[in-house]
Amino acid sequence: MSGFAIIALIFVGGGLGSIARFGVGKMAIQFFGDGKFPLGTLIANMLACLILGITLFFFKDRLLENEWVKYLIVIGFCGGFSTFSTFSLDTVKLFNEGFFAMGVANILISTALGISILWILVKA
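Conventions and cut-offs
Along each chain, residues carry numbers from 1 onward, in the same order as the chain's sequence is written. It should be noted that, the model being predicted, local features are given only for residues of pLDDT at least 70 and side-chain atom pairs only at 80 or more, the latter also being counted only at that level, while totals for whole chains, interfaces and linings use all residues. With hydrogens and water excluded, all non-hydrogen atoms of the structure serve as input to the side-chain values. Points on a 1 Å grid over protein atoms alone make up a cavity when a 1.4 Å probe fits among them but cannot get out, and a pocket when they form an open set with protein on both sides within 12 Å along at least five of seven lines; lining residues each have an atom within 4 Å of a point. Grid points are joined across faces, edges and corners, and a volume is the space filled by probe spheres set on the points. Helix and strand definitions follow DSSP, with helices as H or I runs of at least four residues and strands as E runs of at least two, each counted in order from the N terminus. Residues are sorted three ways: Asp, Glu, Lys and Arg are charged, Ala, Val, Leu, Ile, Met, Phe, Trp, Tyr, Cys and Pro are nonpolar, and all the rest, Gly among them, are polar. Salt bridges, as used here, are contacts in which a Lys or Arg side-chain nitrogen is within 4 Å of a carboxyl oxygen on Asp or Glu. Under this scheme, a helix contributes an axis fitted over its contacting stretch, all axes are lines through C-alpha atoms, and angles between N-to-C directions fall in the 0 to 180 degree range. What sets the label is the angle itself: under 35 degrees gives roughly parallel, over 145 gives roughly antiparallel, 65 to 115 gives roughly perpendicular, and the rest give oblique. Handedness of a crossing follows from how the near helix is turned relative to the far one, being left-handed for an anticlockwise turn of less than a right angle and right-handed for a clockwise one. Throughout, a residue-residue contact means that at least one pair of heavy atoms, one from each residue, lies within 4.5 Å.

(A) Region of interest: the layout of surface pockets. By volume, the largest pocket is sized at about 560 Å³. Forming the walls of the largest pocket are 22 residues, and the residues nearest its centre are I29, D34, P38, T41 and D90. Broken down by element, the lining of the largest pocket gets its largest block of residues, 7 residues, from helix α1 (residues 3-32). Considering only residue class, the lining of the largest pocket consists of 9 nonpolar, 6 polar and 7 charged. One number sums up the size of the second largest pocket: a volume of about 250 Å³. Taken together, 16 residues line the second largest pocket, and the ones lying closest to its centre are N45, M46, C49, S82 and S110. Of all elements in the fold, only α2 (39-59), α3 (67-81), α4 (84-96) and α5 (100-123) reach the threshold of two or more residues within the lining of the second largest pocket. Partitioning the lining of the second largest pocket into residue classes produces 10 nonpolar, 6 polar and no charged.

Written out as structure tokens, the structure is:
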């Protein structure tokens, strides 16, 4: 696979992932309101873990043969869809606004759930 093809796949996947993340954030506000807890970020990150886990589960023995999956979905889409920087900023905002317990809950829920999703799917 050429360098241009790899970059194009990552570019397209990352763009689609970023748009999906934006949409998930907007839908979370529409369905659950604009509360203090960063539910949109949590949902996007957990869905990214789920998509990554499902992709790795189905392509675990054939990922090298299907290089495009790695670049388009694993690196591109999941990289654009998940967001550690927004998760970190949301958590810092909660701490700065005095919502310490909610900030700690965000850290614990996000990391424990994300790792558990991947653990279950990749281990299977």
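Let us keep going from here.
(B) Summary view of the pattern of salt bridges. Counting across every chain of the model gives 1 salt bridge. Its salt-bridge partner being K36, residue E97 comes within 2.9 Å of it at the nearest N-O pair. Of this pair, E97 sits in the loop between α4 and α5 while K36 sits in the loop between α1 and α2, placing them 61 residues apart in sequence.

(C) Examining the packing of α1 against α2 more closely. Where α1 meets α2, the axes come as close as 8 Å, and the angle between the chain directions of the two elements is 130°. In terms of axis orientation, α1 runs oblique to α2. Crossing handedness for the pair α1 and α2: right-handed. On the side of α1, the interface is formed by R21, V24, G25, A28 and F32, while α2 contributes L39, G40, I43, A44 and L47. Its residues assigned to classes, the contact of α1 with α2 shows 7 nonpolar, 2 polar and 1 charged.

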